[in-house]
Amino acid sequence: VWIPARTMLSLATHALQATATRVVPHTVGAIARRCFHGSSTCPAPLKRTALYGFHLEQGGKMVEFCGYEMPVQYQDGILKSHVHTREHASLFDVSHMGQLTLKGRDAVKFIEHLVPGDIGGLKDGQARLSIFTTEEGGIIDDTVISRHDDHLYIVVNAGCKDKDFAHIQEHIEKLGMDVTMEILDASHALVALQGPEAVVVMQKLVSNDLSRHSFMEGKRMNVGGIECLVTRCGYTGEDGFEVEGGVACVGFGSHLFVDLRSPREGNRSVPYIHGTSPSETSRSWSS
């Protein structure tokens with residue numbers, strides 16, 4: 001689903017006015033959670049998400065972030081953004097993340113060759129956090145995999161996505177199963193609404209009863225007039241939703257404060273080393 005930038009900007013304005021929600025930053029530094037892969041530099045030319053113009057309008061300080069021009073902070077500063085996320089709700093533009101779908105008769109069987117998670121046990125709309133591993137069982141990257149009736153929707157880290165895409169394609173060719181991969185570019189927006197009031201904001205934009213929407217459960221919904229995939233999940237420790245297809249925007253500065261718990265290779269505060277086994281890093285949740 002490709003959402004025109006002007007449509008997303010209109011929806012962003014709606015969301016920002018709906019309740020005490022604000023645009024806040026991610027982080028570039030110790031957390032760099034959804035970007036870096038062992039490097040502090042990014043190749044040129046820099047890419048832009050569909051919400052680039054909106055970031056500028058909100059006074060975002062744009063910096064290099066994993067090959068993208070992204071806002072490291074807004075005018076209020078990172079600390080206020082962090083507090084607002086903890087107490088109310090904030091919007092994060094994470095469209096630079098790697099997004100892909102797997103389709104075909106063997107899609108579930110195929111992905112279970114690459115991750116230890118029980119994907120076949122998921123019901124339609126359910127999602128699971130797991131890990132891509134090497135042939136020896138070492139960690140390559142972590143990922144969220146959602147099962148839907150005719151495909152799998154997979155999100156991987158921005159700093160590892162090219163490596164992950166190549167790893168998946170290599171095994172598609174190697175295993176010869178009935179499965180095809182479609183890579184979704186950054187014009188295919190992915191936005192996270194995070195904070196204790198996230199459900200209040202989202203409920204104003206959808207007709208679905210979100211009290212019946214469980215953690216790690218995704219469903220296609222009409223969000224402010226636009227059909228999107230809405231998954232109740234997040235990475236701030238607060239309640240939240242990730243919306244594929246569009247909602248609003250945020251930068252990436254407050255991650256320095258909001259999440260110091262769950263490391264990703266080259267992306268989080270406690271990065272693991274490529275090839276380290278899940279058991280060595282206490283990643284029992286990966287299965």
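Residues numbered from 1 in each chain as written. Predicted model: local features only at pLDDT ≥ 70, side-chain atom pairs only at ≥ 80, totals over all residues. Heavy atoms only, no water.

S.K.: Which parts of the structure should I look at to understand the nonpolar core?
M.R.: Considering soluble globular proteins, one finds that nonpolar side chains tend to be buried as a cluster. Residues Leu102, Ile111, Phe132, Leu152, Ile154 and Ile168 are the most contacted members of the largest nonpolar core, which totals 22 residues. Listing elements by their share of this core, those giving two or more residues are β5 (98-103), α4 (107-111), β7 (139-148), β8 (151-156) and α5 (161-175). Counting residues per element, this core draws most heavily on α4, which supplies four residues. Other than its neighbours up to four places away in sequence, Ile111 contacts Leu102, Ile119, Phe132, Ile145, Leu152 and Ile154. One finds Val201, Met202, Cys228 and Phe241 within the second-largest nonpolar core, a separate group that totals 16 residues. (Core = buried A, V, L, I, M, F, W, Y, C linked by side-chain atoms within 4.5 Å. Buried < 20%, exposed > 50% of the residue type's maximum accessible area, 1.4 Å probe, protein only. Helix = DSSP H or I, 4+ residues; strand = E, 2+ residues; numbered from the N terminus. Contact = heavy atoms within 4.5 Å.)

S.K.: In this structure, what is going on with the packing of aromatic side chains? I would like to understand it.
M.R.: Two descriptors summarise a pair of aromatic rings, namely the distance from one centre to the other and the angle between the planes of the rings. According to the stated counting rule, one finds zero aromatic pairs in the structure shown. We note Arg48 situated over the ring of Tyr52; from NZ or CZ to the ring centre the distance is 4.0 Å. (Phe/Tyr/Trp six-rings, centres within 6.5 Å; stacked < 30°, edge-to-face > 60°. Lys NZ or Arg CZ within 6 Å of the ring centre and 35° of its normal.)

S.K.: What should I look at first to understand α5 in this one?
M.R.: With 15 residues, α5 ought to run about 21 Å at 1.5 Å a step, and its terminal C-alpha atoms sit 21 Å apart, in line with that. Note on α5: the residue one or two positions beyond its end, Gly176, has a positive phi of about 65°. (Expected span 1.5 Å × (residues − 1).)

S.K.: Just to check I follow, could you spell out the pattern of salt bridges for this structure?
M.R.: A side chain with one charge can pair with a side chain of the opposite charge if their charged atoms come near. Taken as a whole and assessed by the stated rule, the structure comprises eight salt bridges. Here Arg105 and Asp106 are joined by a salt bridge, their closest N and O atoms 3.9 Å apart. Overall, the relative accessible area of 16% leaves Asp106 in the buried class. Two residues, Arg220 and Glu244, come together in a salt bridge whose shortest N-O distance is 3.7 Å. With Arg220 in strand β11 (residues 218-223) and Glu244 in strand β13 (residues 240-244), the pair connects residues that are 24 residues apart, well separated along the chain. According to the relative accessible area criterion, Arg220 is partly exposed, its value standing at 35%. For Glu244, a relative accessible area of 6% gives the class buried. (Salt bridge = Lys/Arg side-chain N within 4 Å of Asp/Glu carboxyl O.)

S.K.: I tried to follow the pairing of strand β2 (residues 61-65) on my own but got confused; where do I start?
M.R.: Consecutive residues of a regular strand have side chains that alternate between opposite faces of the sheet. Pairing between β2 and strand β3 (residues 68-73): five bridges, direction antiparallel. Bridge pairing in β3 links Phe65 to Tyr68. Linking β2 to β3, which pair antiparallel, is a turn of two residues; within it Cys66 sits at a positive phi near 55°. (Pairing = 2+ DSSP bridges.)

S.K.: Whenever I open this one, the sheet that holds strand β6 (residues 127-133) confuses me. Can you help?
M.R.: Backbone-to-backbone hydrogen bonds join strands into a sheet, with any given pair of strands oriented parallel or antiparallel. The strand order across the open sheet formed by five strands is β6-β7-β8-β5-β9, and the pairing between neighbours is antiparallel. The sheet terminates laterally at β6 and β9 (180-184), the two strands that pair on one side only. Taken pair by pair, the neighbouring strands of this sheet meet at an average axis angle of 30°, ignoring direction. Here five bridges tie β5 to β9, and the two strands are oriented antiparallel to one another. What sits directly across from Leu100, in β9, is Ile183. Across the sheet, α5 touches β5, β6, β7, β8 and β9, and the angle it forms with β5 is around 15°. (Axes fitted to C-alpha atoms, helices over the stretch in contact; angles between N-to-C directions.)

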